[in-house]
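Secondary and tertiary structure notes
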Amino acid sequence: MSAALSPAASPLVRLAPFAFIALWSTSFITARVGLQHVSPLYFVTLRLLGATLLLLLLCAITRASWVSLRGRWWRLALAGALLNGVALAAFHVAMVTVNAAVIALLQSLNPLIIALLAVPMLGERLGWKAWVGLVLGAVGVAIVVAPKALGTEAEVEAMVLGAIGIAGLAGGTLLYGQHGRGVALLPATTVQLGAAAVLGMVLTALFETPVSDNSAVAWITIGWNIVAVSVGGMALYYFMLNRGAAGRVAANFYLVPGVVGIAGWLLLGEALAPLAVAGLVLASIGVFLVARR
């Protein structure tokens, strides 16, 4: 059973976590390729701007109602800026230094943080098996990430950026969990990605001189991240948050490093060390325990 869903969930809803894992995992691989052609903050900004424009077009075509956002739009904007702007900017800059699987593993500390904070903030409760699963997942991450903290200065900086990204991801998820349930999915996602795009432009202006070789590879990777990940993946994430506990939904992130690690090894030639394999196995066991009712 998915980490996000109730036993009575429809087949379509049950497939949502698996589709999210697949789409979110492709973000790391395509971004790793794209960052060889586009500077990281510029890459993120183009991705978020493109996704916002696409969603605005869909809102216009479908005549989406914005009524459900009344009184909540600024909270949704803040959640989006944290979840998409802060998190993506930090992770992409970090991926310039370390491989995609390490950043994906670091990101998967997110479920434990969310589960811990969801108790006081959202009143959510998880059983003891779920907590064991979350801890196992965190241990799996630590096995791989801890040696990096003792590595080169660039690797240490990448770990710090990863921590900032985790904070943004967890903060945005919890804020959405508090104020985003029950809102119309399409306009809510549009507001969140729009706010993240504005933040991306500010960060790019402050910290980076935008660079792009305008190659086909650059635009293909950006285009994929716009359509498949920022629109498709994030819509699925918010869809699951609307229907399940934040801690259970976030547990899906534990499966992302395994997919990214294998894909990075097969497609990019990135090393998959024995420690990484051990970490991925622990993380997968952790998801199984969290997902069980």
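Residues numbered from 1 in each chain as written. Predicted model: local features only at pLDDT ≥ 70, side-chain atom pairs only at ≥ 80, totals over all residues. Heavy atoms only, no water.

1. Points about the overall build of the chain
We apply this condition: Strands are runs of DSSP state E lasting at least 2 residues, helices are runs of H or I lasting at least 4, and numbering of each runs from the N terminus. When accessible area is computed with a 1.4 Å probe and restricted to protein chains, residues below 20% of their type maximum are described as buried, those above 50% as exposed, and intermediate ones as partly exposed. By the convention used here, residues are in contact when the closest approach between their heavy atoms is within 4.5 Å.
Across its full length, the chain holds 12 helices and zero strands. Reading the chain from its N terminus to its C terminus gives the helix and strand order α-α-α-α-α-α-α-α-α-α-α-α. Taking all 293 residues of the chain together, the buried fraction comes to 53%. In the chain, the share of contacts with a sequence separation of at least 24, taken over all contacts with a separation of at least 6, comes to 88%.

2. Looking at the packing of helix 8 (residues 185–207) against helix 9 (residues 216–241)
Condition: Working convention: axes come from line fits to C-alpha atoms, limited for helices to the stretch in contact. Angles between N-to-C directions cover 0 to 180 degrees. Helix crossings fall into two classes, left-handed where the near helix is turned counterclockwise from the far one by less than a right angle and right-handed where it is turned clockwise. Here the term charged refers only to Asp, Glu, Lys and Arg, the term nonpolar to Ala, Val, Leu, Ile, Met, Phe, Trp, Tyr, Cys and Pro, and the term polar to all other amino acids, Gly among them.
Two numbers describe how helix 8 lies on helix 9: the axes approach to 10 Å, and their chain directions differ by 120°. Our pair here, helix 8 against helix 9, has a crossing hand that is right-handed. Of the residues in helix 9, those in contact with Leu185, Thr189, Gln192 and Leu193 of helix 8 are Ser230, Ala235, Tyr238 and Phe239. Looking at the contact of helix 8 with helix 9 residue by residue, the classes come out as five nonpolar, three polar and no charged.

3. Quick word on a nonpolar patch on the surface
Applied cut-off: By definition, no residue in a patch forms a salt bridge, and every one has over 30% relative accessible area; like charges are joined within 9 Å, nonpolar side chains (Val, Leu, Ile, Met, Phe, Trp, Tyr) within 5 Å. For the area figures, the Shrake-Rupley method with a 1.4 Å probe applies, and any residue is considered shielded solely by the protein chains shown. Only one rule defines a salt bridge in this text: a Lys or Arg side-chain nitrogen within 4 Å of an Asp or Glu carboxyl oxygen.
Among the surface-exposed residues, Leu49, Val198, Met201, Val202, Leu206 and Phe207 lie close enough to one another that they form a single nonpolar patch of about 570 Å² accessible area. Here Phe207 is to be found in helix 8. A relative accessible area of 62% means that Phe207 is categorised as exposed.

4. Quick notes on the nonpolar core
This is how the line gets drawn: By nonpolar core is meant a set of buried Ala, Val, Leu, Ile, Met, Phe, Trp, Tyr and Cys residues that side-chain atoms within 4.5 Å join together.
With 57 residues, the main nonpolar core has Phe28, Leu48, Leu76, Ile103, Tyr176 and Tyr237 as its most contacted residues. Broken down by secondary-structure element, the contributors of at least two residues to this core are helix 1 (11–34), helix 2 (40–62), helix 3 (73–95), helix 4 (100–107), helix 7 (153–179), helix 8 and helix 9. At 11 residues, the largest contribution of residues to this core is made by helix 9. Beyond its immediate sequence surroundings of up to four residues, Leu48 is in contact with Asn84, Gly85, Leu88, Leu193, Ala196, Ala197 and Ser230.

5. Details of the environment of Gly171
Counting through the fold element by element, Gly171 comes out in helix 7. A residue is classified by how much of its surface remains accessible, and Gly171, at 25% relative accessible area, is partly exposed. On a C-alpha basis, the gap between Gly171 and Ala87 in space is 9.8 Å, while along the polypeptide they are 84 residues apart.

6. Quick word on the side chain of Thr190
Formally: Any pair of N or O atoms that falls within 3.5 Å is considered a polar contact. Within protein, one atom must be able to donate a hydrogen and the other to accept it, and sequence-neighbouring residues count only if both atoms are side-chain atoms.
In this structure, Thr190 sits in helix 8. The buried category is assigned to Thr190, whose relative accessible area is 4%. From its side chain, Thr190 meets the backbone oxygen of Leu186 in a polar contact 2.8 Å long.

7. Concerning unusual backbone geometry
When glycine is set aside, most residues are seen to have a negative phi, and most peptide bonds are trans. Positive phi is not limited to glycine here, since Arg63 has a value of about 55°. Relative to the assigned elements, Arg63 resides in the loop between helix 2 and helix 3. For Arg63, a relative accessible area of 77% gives the class exposed. With a phi close to 55°, Asn214 is a non-glycine residue in the positive phi region. By the secondary structure assignment, Asn214 is in the loop between helix 8 and helix 9.

8. Focus on the confidence of the model for the chain
For clarity, the cut-off: Note: pLDDT gives the predictor's confidence per residue, expressed from 0 to 100.
Overall, the predicted model of the chain reaches an average pLDDT of 78, with 70% of residues at or above 70. With pLDDT under 50 throughout, residues 1–8 is counted as low confidence; its partners more than four residues away or in other chains account for 30 contacts.

9. Concerning the environment of Val211
Within the fold, Val211 resides in the loop between helix 8 and helix 9. Residue classification places Val211 among the partly exposed residues on the basis of a relative accessible area of 49%. Along the sequence, Val211 and Ser39 sit 172 residues apart, while their C-alpha atoms lie 5.2 Å from each other. Discounting chain neighbours no more than four positions away, the residues touching Val211 are His37, Val38, Ser39 and Tyr42.

10. A look at the packing of helix 3 against helix 8
For any two helices packed against each other, one specifies the crossing angle of their axes together with the interaxial distance. To be explicit about the condition: Angular relationships are summarised with four words: roughly parallel below 35 degrees, roughly antiparallel beyond 145, roughly perpendicular across 65 to 115, and oblique for the angles in between.
Contact pair helix 3 / helix 8: the axes reach a minimum separation of 7 Å and the direction vectors enclose 50°. Between helix 3 and helix 8, the interaxial angle falls into the category oblique. The two elements helix 3 and helix 8 meet at a crossing, and its hand is right-handed. Residues Trp73, Leu76, Ala77, Ala79, Gly80, Ala81, Asn84, Gly85, Val86 and Ala89 of helix 3 touch helix 8, and the partners they reach there are Ala188, Val191, Gln192, Leu193, Ala195, Ala196, Leu199 and Leu203. Classifying every residue of the contact of helix 3 with helix 8 gives 14 nonpolar, four polar and no charged.

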